[in-house]
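Remarks on the overall topology
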Amino acid sequence: MSVNATPAGADVAADETATRGGGRHAAVPTQRAGRRARAPLSENKRAERRLGWLLCAPAALVMVLVTAYPILYSVWLSLQRFDLRFPDQREFIGLENYVTVLTNQFWWTAFGVTALITVVTVAVELVLGMGLALIMHRTLVGRGIVRTAALIPYGIVTVVAAFSWRYAWTPGTGYLANLFDGSAPLTERASSLAIIMLAEIWKTTPFMALLLMAGLALVPEDLLKAASTDGATAWQRFTKVMLPVMKPAILVALLFRTLDAFRVFDNIFVLTAGGNETSSVSMLAYNNLIRGLNLGIGSTMSVLIFLTVAIIAFVFVKLFGTAAPGSDDGERR
Amino acid sequence: MAVETTTRAKVRWGLLDVIVVVFALVPVLWIASLSFKTPATLTDGKFWPREWTLDNYRTIFDTDQFVRALVNSIGIALIATLIAVVLGAMAAYAISRLDFPGKKLLVGVSLLIAMFPQVSLVSPLFEIERQLGLFDTWPGLILPYITFALPLAIYTLSAFFKQIPWDLEKAAKMDGATQGQAFRRVIAPLAAPGLFTTAILVFIFCWNDFLFAITLTSTERARTVPVALSFFTGESQFEDPTGAICAAAVVITIPIILFVLFFQRRIVSGLTSGAVKG
């Protein structure tokens, strides 16, 4: 729930500016800043602070208004019976919606599907992404070509890629459909899930690789050479030299991809539309809202998904502490 | 001996390169190939078209449905990108240059937004935007796009801003420029490449979105291409929309391909610089 805590903090900080900085010197500080050498330090500091707050305010405001307020609002909605088809029956029902969702078999199936997709795709992407990062970083030939090609899956619209995979596996139309004699893989659960994961992995491995490549760039060449001279094999150089240096980058990549994978929606929407029990939690929330027009249940799912993601993020940050991205950012100027 | 090993190493790396390129390109080539197939050969299951046609492209550009969606996509993505980059640049400048309490908080908040499950906003935003009259309008999509593009913009831009020679700013200030003037006249031009890279990344993000576009729109007023694609049904009930879908898919892939071809170096540096150092 840390997201909900921050906007309040931001407001406090903003209020402090108003009282401490004051409108008194509104026009003065810009001049003072120009004559930094002569002006007293505190004046300068104050001007700097005010400018900092002014510059950050619009971005902070937009981010907080569009995320914190709706998520609080959805907590409120989740405590109500609220079906847009029967607006008259709207009433406060406490935690009843949560009981409904958490005892619902579809929710848990979707939750399982989402968890499975997240775990499998992130694990495969870590391995493939590491390979791709090594290729992009160390290849002796065609580095530009390889990087350009790898960026295509990253940049392409997910829906477009999903259609490409869908038609590839459609019997009659697709070049891949004939691999498994005459069956229609997108009509069966296991093969559908496999194809969804394939599409996810294809699309997001390059992003994983780019994040890992950023870590690879931090590995000192000298260290690798020294290890090589000391007789370390390629595998030893990788595990004993590269991996430890890359650890922060790996954790950042894992965190971002895990949370991103948990939101899987576009590929499922296009590939199976959630048929054969392949819905993710996002698919289910979407269906409840748009098809079912049930704001109460939809909001309950929103809150539950938010909590799950918050827990995942919290566990990552707790486990890996200072390796979390941005944690050391405040200290730097 | 040494020459031989490098040749062999080159061949080995070359093979790996080829695997990556094939893996990355096959799905793209496949959908392009489908878009050029005639209705008769569409279901032949061959990777390359046997008969080529541009009819699919003619069809989609003749239909209002696609053209409207394309205009929506371009307009919404451009406006959202512009606003996100301006707001992001202001915040990133403050983060990389100024000392003020609350800086850490802002960095933390943007990190939280970057990890925020967007689907959680779908239900509440649907209801809020309906009440405010933003549902199914351009601003209704631009707002969430800006929000989720901002962390990306702030992180990438502060990484870029940290590499700028700030002594120039000091020099400008000694010559009597204010902090604001120093920002606009000296630093902004130096920061242009970073701004441009960020703009590309943000544009790709907005161009890509499907979840908000499908939940916060209901008509052609604001529906973007990815959503229009998923609703394509063909001109009559009996017409297979596959060719049209593929043609439309290729059209919205073209800007991505162009970005990647011309700005590969910038995109890679933009994505990696923001990543390691936070």
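Everything numeric in this text was worked out from a predicted model, so none of it was measured.

**Details of the overall build of chain A**
Within chain A, the secondary structure is distributed over 13 helices and two strands. In chain A, buried positions account for 45% of the 333 residues. If you take every contact in chain A between residues at least 6 apart in sequence, the share linking residues at least 24 apart comes to 68%.

**A look at the environment of A:Phe256**
Following the sequence through the fold, A:Phe256 ends up in helix 10 (residues 234-262). The spatial distance from the C-alpha of A:Phe256 to the C-alpha of A:Leu211 is 9.7 Å, given a sequence separation of 45 residues.

**Focus on the domain arrangement of chain B**
Domain assignment breaks chain B into domain 1 (1-53) and domain 2 (62-276). Every contact between the two is made by eight residues of domain 1 of chain B and, on the other side, eight residues of domain 2 of chain B.

**Some words on the domain arrangement of chain A**
Residues and elements named next belong to chain A. By domain assignment, chain A separates into domain 1 (2-78) and domain 2 (100-323). In this complex, domain 1 contributes five residues to the contact, which on the side of domain 2 involves seven residues. Its residues placed into classes, the side of domain 1 that touches domain 2 shows three nonpolar, two polar and no charged.

**Quick notes on the packing of helix 3 (residues 64-97) of chain B against helix 8 (residues 179-208) of chain B**
Residues and elements named next belong to chain B. For the pair helix 3 and helix 8, interaxial distance at closest approach is 8 Å and the crossing angle is 135 degrees. Put simply, helix 3 runs oblique to helix 8. The crossing of helix 3 and helix 8 is right-handed. For the pair formed by helix 3 and helix 8, the contact residues are Ser 73, Ile 76, Ala 77, Ala 80, Thr 81, Ala 84, Val 85, Gly 88, Ala 89 and Tyr 93 on the first element and Phe 183, Leu 195, Thr 198, Ala 199, Val 202, Phe 203, Cys 206 and Trp 207 on the second. When the residues that make up the contact of helix 3 with helix 8 are grouped by side-chain class, the tally is 14 nonpolar, four polar and no charged.

Quick notes on the rules
Residues numbered from 1 in each chain as written. Chains lettered and ligands numbered in written order. Predicted model: local features only at pLDDT ≥ 70, side-chain atom pairs only at ≥ 80, totals over all residues. Helix = DSSP H or I, 4+ residues; strand = E, 2+ residues; numbered from the N terminus. Buried ≥ 20, exposed ≤ 12 C-beta atoms within 10 Å, placed from the backbone. Contact = placed C-beta atoms within 7 Å. Domains from an automatic or database assignment. Nonpolar A, V, L, I, M, F, W, Y, C, P; charged D, E, K, R; others polar. Axes fitted to C-alpha atoms, helices over the stretch in contact; angles between N-to-C directions. Parallel < 35°, antiparallel > 145°, perpendicular 65-115°, else oblique. Left-handed = near helix turned anticlockwise from the far one by under 90°.

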